[in-house]
Amino acid sequence: MERAKAKAVLEAILFTMGESVEISRLADVIEEDKKVTKEILMEMKEEYQTENRGIELIELDNSVQLCTKNDMYEYLIKIAKTPRQYVLSDTVLETLSIIAYKQPVTKLDIERIRGVSCDFAVNKLLDFDLIREIGRMDAPGRPMLFGTTEQFLRSFGVKSLEELPELNPVQLEEFKEQAEAEARQVVNI
């Protein structure tokens, strides 16, 4: 493997793993012996130091790891302290509304209401910590039951679910029509 390509492969692996990886395993991936792999890694380590990069390569026994340089931590703290910004698409927001008003609710219940698959929306809401698994239904297959979290209450400025606004029957009908129209679009694609 060309040396530049080997460096790119090693960097991608170390970045993705986020933890130390044994040099012998890295050597197997780039199809080089351990000595050549270690030489490539040391070149990478030197490049990270001389190019004033935000990362460094550290050695741990017979393994290596990509890490953030110590002098970058103050910048990481600034970003970590920044409140997380949620981008909720209409689909995700509709799914969240169903969960908030119907909880505990299964994915199947959500899909019956929306008329389309809800896997992406549910996973996004789990990632944002706006919903969580609150148990399993006592039914065949024991499907997961979902409900909202305290983060949901904080994000929407309510102290309890009782403070959620009442659903207007006209809005509920419009909501169903939008979900049906969305389902028709998915079928037509």
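Here the structure is a predicted model, which means the values were calculated and not measured.

Q: I would appreciate a short explanation of the overall build of the protein in the present structure.
A: When its secondary structure is counted, the protein shows nine helices and five strands. Contacts in the protein between residues far apart in sequence, at least 24 positions, make up 48% of those at least 6 positions apart. Summed over all atoms, the accessible surface of the protein reaches about 12700 Å², with 52% contributed by carbon and sulfur.

Q: Just to check I follow, could you spell out the sheet that holds strand S1 (residues 21-22) for this structure?
A: Read across the sheet, three strands follow the order S1-S3-S2 without closing on themselves; strand pairing throughout is antiparallel. Both outer strands of the open sheet, S1 and strand S2 (55-60), are each paired with one neighbouring strand and no more. The sheet contact formed by S2 and strand S3 (residues 63-68) spans six bridges and is antiparallel. Its bridge partner being in S3, Ile55 is matched across the sheet by Thr68.

Q: Quick question: what am I supposed to make of the packing of helix H1 (residues 3-17) against helix H3 (residues 34-50) here?
A: When two helices pack together, their arrangement is given by the angle between the helix axes and the distance between those axes. Where H1 contacts H3, the two axes come as close as 10 Å, and the packing angle between them is 75°. Put simply, H1 runs roughly perpendicular to H3. On the side of H1, the interface is formed by Arg3, Ala6, Lys7, Leu10, Glu11 and Leu14, while H3 contributes Val36, Glu39, Ile40, Leu41, Glu43, Met44, Glu47 and Tyr48. The residue inventory of the contact of H1 with H3, partitioned by class, reads eight nonpolar, no polar and six charged.

Q: I would appreciate a short explanation of the pattern of salt bridges in the present structure.
A: Once the charged atoms of two side chains with opposite charge are near each other, the side chains can pair. This structure, assessed with the given rule, holds 15 salt bridges. Linking Lys38 and Glu59 is a salt bridge whose minimum nitrogen-to-oxygen distance equals 3.4 Å. Of this pair, Lys38 sits in helix H3 while Glu59 sits in strand S2, and the two are 21 residues apart along the sequence. Lys38 gets classed as partly exposed once you look at its relative accessible area, which sits at 34%. Salt bridges linked by common partners bring Arg3, Lys7, Lys35, Glu39, Glu43 and Glu47 together as one network.

Q: Looking at this structure, I do not really get the side chain of Ser63. What am I missing?
A: Within the secondary structure, Ser63 is located in strand S3. Classification of Ser63 as buried rests on a relative accessible area of 10%. Among the polar contacts listed, one links the side chain of Ser63 to the backbone oxygen of Leu60, at a separation of 2.7 Å. Setting aside its immediate chain neighbours within four residues, Ser63 contacts Ser20, Val21, Glu22, Ile23 and Ile58.

Criteria and thresholds
- Residues numbered from 1 in each chain as written.
- Predicted model: local features only at pLDDT ≥ 70, side-chain atom pairs only at ≥ 80, totals over all residues.
- Heavy atoms only, no water.
- Helix = DSSP H or I, 4+ residues; strand = E, 2+ residues; numbered from the N terminus.
- Contact = heavy atoms within 4.5 Å.
- Areas by Shrake-Rupley, 256 points an atom, 1.4 Å probe, with all protein chains shown as cover.
- Pairing = 2+ DSSP bridges.
- Axes fitted to C-alpha atoms, helices over the stretch in contact; angles between N-to-C directions.
- Parallel < 35°, antiparallel > 145°, perpendicular 65-115°, else oblique.
- Nonpolar A, V, L, I, M, F, W, Y, C, P; charged D, E, K, R; others polar.
- Salt bridge = Lys/Arg side-chain N within 4 Å of Asp/Glu carboxyl O.
- Buried < 20%, exposed > 50% of the residue type's maximum accessible area, 1.4 Å probe, protein only.
- Polar contact = N/O pair within 3.5 Å; in protein donor to acceptor, adjacent residues only side chain to side chain.

Geometric descriptors of this kind do not, in isolation, establish any biological role.
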